[in-house]
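A structural walkthrough
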Amino acid sequence: MDYKIYGLKENPFPKGGAILKPDSSDLRENGSIFSVNARKQEIEEFEKKFIGAKASFDDRVRCGFLWAEGDRVSGRGMGKTALAVYMKHKINDGYGEGYFGGKKKFFCSYIAFNQQMTAKIGLFFQEALNSYIKDNIFEEVAKITNVNILVKGGVDIKFAQAVANNSVRNYLEKEVLGHALDIRLTAKDWRADPFLKDIFLNQTTRCLKTAGFIGGILLVDDIENLTDRSTPKQVETFIKDFGLSFFRTGNEASNSNFYTVILTTHQQSAQKISQAWTVAGLSASFPLDPGGHASLLTRKPDLEQAVDMVRQYIERFKEPTFSPPNEYYPFTKDTLETVIQECDYHPRRFLSRFNRIMVEGVSNNVKEITKEFTKTVPEVEEEEGPPSIEEL
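Presented here is an overview of the structure given in this document. As the structure is a prediction and not an experimental result, all values here were calculated from the model.

Counting residues in each nonpolar core, the largest one holds 63 residues, and the members touching the most others are Phe-124, Phe-200, Phe-246 and Tyr-259. Counting residues per element, this core draws most heavily on helix 3 (residues 121–134), at seven residues. If we skip the residues at most four places from it in the chain, Phe-200 touches Phe-125, Ala-128, Leu-129, Tyr-132, Thr-205, Leu-218, Phe-246 and Tyr-259. Of all hydrophobic cores here, the second largest spans 31 residues; its members include Tyr-6, Ile-314, Leu-336 and Phe-373.

Here it is, written out as structure tokens:
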């Protein structure tokens, strides 16, 4: 379809439920299009809580939720992942240079579990190491260190060589797992748990500290996918192993309070994880509760914020030589506001709806999309996702 009639390169809005896919090359799906104005409050709250921007890095909250109200359907597509990806890029642009006068070097990594799997702590460390590779964290270490420096910092020589040579993926696949790093559901992976734990919590942390990092922020998305195939006992064991690994002494990461861990999920899953956290005896030292101090709510945008979200997508796909008749073109402002209100200000819903409206507009050669025209475009039912932790 030719969207040039609207001065656009193509349909600017995401389809298929408008759920973010950070590894996608499509700008509409990977979080590249983001409204800072719409999320100003959440950004400031994130920086205050999880970076300690108003006080000091040592005073940051070290474990918390980035969550949205609702269940596995209504709680998805609210902008949690978009905010997480934005914060990752903001922090890693100079590795904390924009905070504390540039005197503290820290990083952020986005760890996603986009498929259901059994809750095993080794699988978490495996995906975390995979994310470090994708986020170029090891590459940054290699730029400013060498094998000798890393070994002096306490790193095992084989891993030090892998980091210095930018061959961590090859090392993990050949020496530890015996298969591709992206494959996770094998019994052999479980036997590798102790090795993955040591590599992540000890060897990798020593590499990072040697390279001048004082800490790291881990954004863990869709952690409920680690529990969907698990029994309640397996979930409890996983949460306990997880908490003890990061927040009780016994390894390089926990001994130095190196990591902040933020779990990105929706309300019902957050409540289940919080219950397992309490059963594991971790809540006294590190309270983890949706709605508590160690949590950040991704709110529904108001009308002005939602309109700005829509405009960001239009602007990104606008032909550079095109001069639109108004700032909301090919819509009228009234059209935007009406559709957003009809979708109850839910980002996933209104972005998907605008995608469908644009398709119909081009198909019918509509010059300007009015609210009257949108009433002729049928609603498309959203697909249900797989059952989540709250259905165990």
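A separate point is the packing of aromatic side chains. Taken as a whole and assessed by the stated rule, the structure comprises 35 aromatic pairs. A centroid spacing of 5.4 Å and a plane angle of 90° characterise the contact between Phe-107 and Tyr-132, whose relative ring orientation is edge-to-face. With Phe-107 in strand 2 (residues 106–112) and Tyr-132 in helix 3, this residue pair connects regions lying 25 residues apart in the sequence. With a centroid separation of 6.5 Å and 45° between ring planes, the pair formed by Phe-107 and Phe-258 is classed as tilted.

It is worth spelling out the sheet that holds strand 5 (residues 295–297) at this point. An order of 2-3-4-1-5 is seen for the five strands of this open sheet, with the pairing classed as parallel. Sheet topology places strand 2 and strand 5 at the edges, where each strand pairs with a single neighbour. Put simply, the sheet's adjacent strands are angled 20° from each other on average, direction ignored. Examined bridge by bridge, strand 3 (residues 215–221) and strand 4 (residues 259–266) share six bridges and lie parallel to one another. Bridged to Leu-219 within strand 4 is Ile-262.

Reading the values: the criteria
Residues numbered from 1 in each chain as written. Predicted model: local features only at pLDDT ≥ 70, side-chain atom pairs only at ≥ 80, totals over all residues. Heavy atoms only, no water. Core = buried A, V, L, I, M, F, W, Y, C linked by side-chain atoms within 4.5 Å. Buried < 20%, exposed > 50% of the residue type's maximum accessible area, 1.4 Å probe, protein only. Helix = DSSP H or I, 4+ residues; strand = E, 2+ residues; numbered from the N terminus. Contact = heavy atoms within 4.5 Å. Phe/Tyr/Trp six-rings, centres within 6.5 Å; stacked < 30°, edge-to-face > 60°. Pairing = 2+ DSSP bridges. Axes fitted to C-alpha atoms, helices over the stretch in contact; angles between N-to-C directions.

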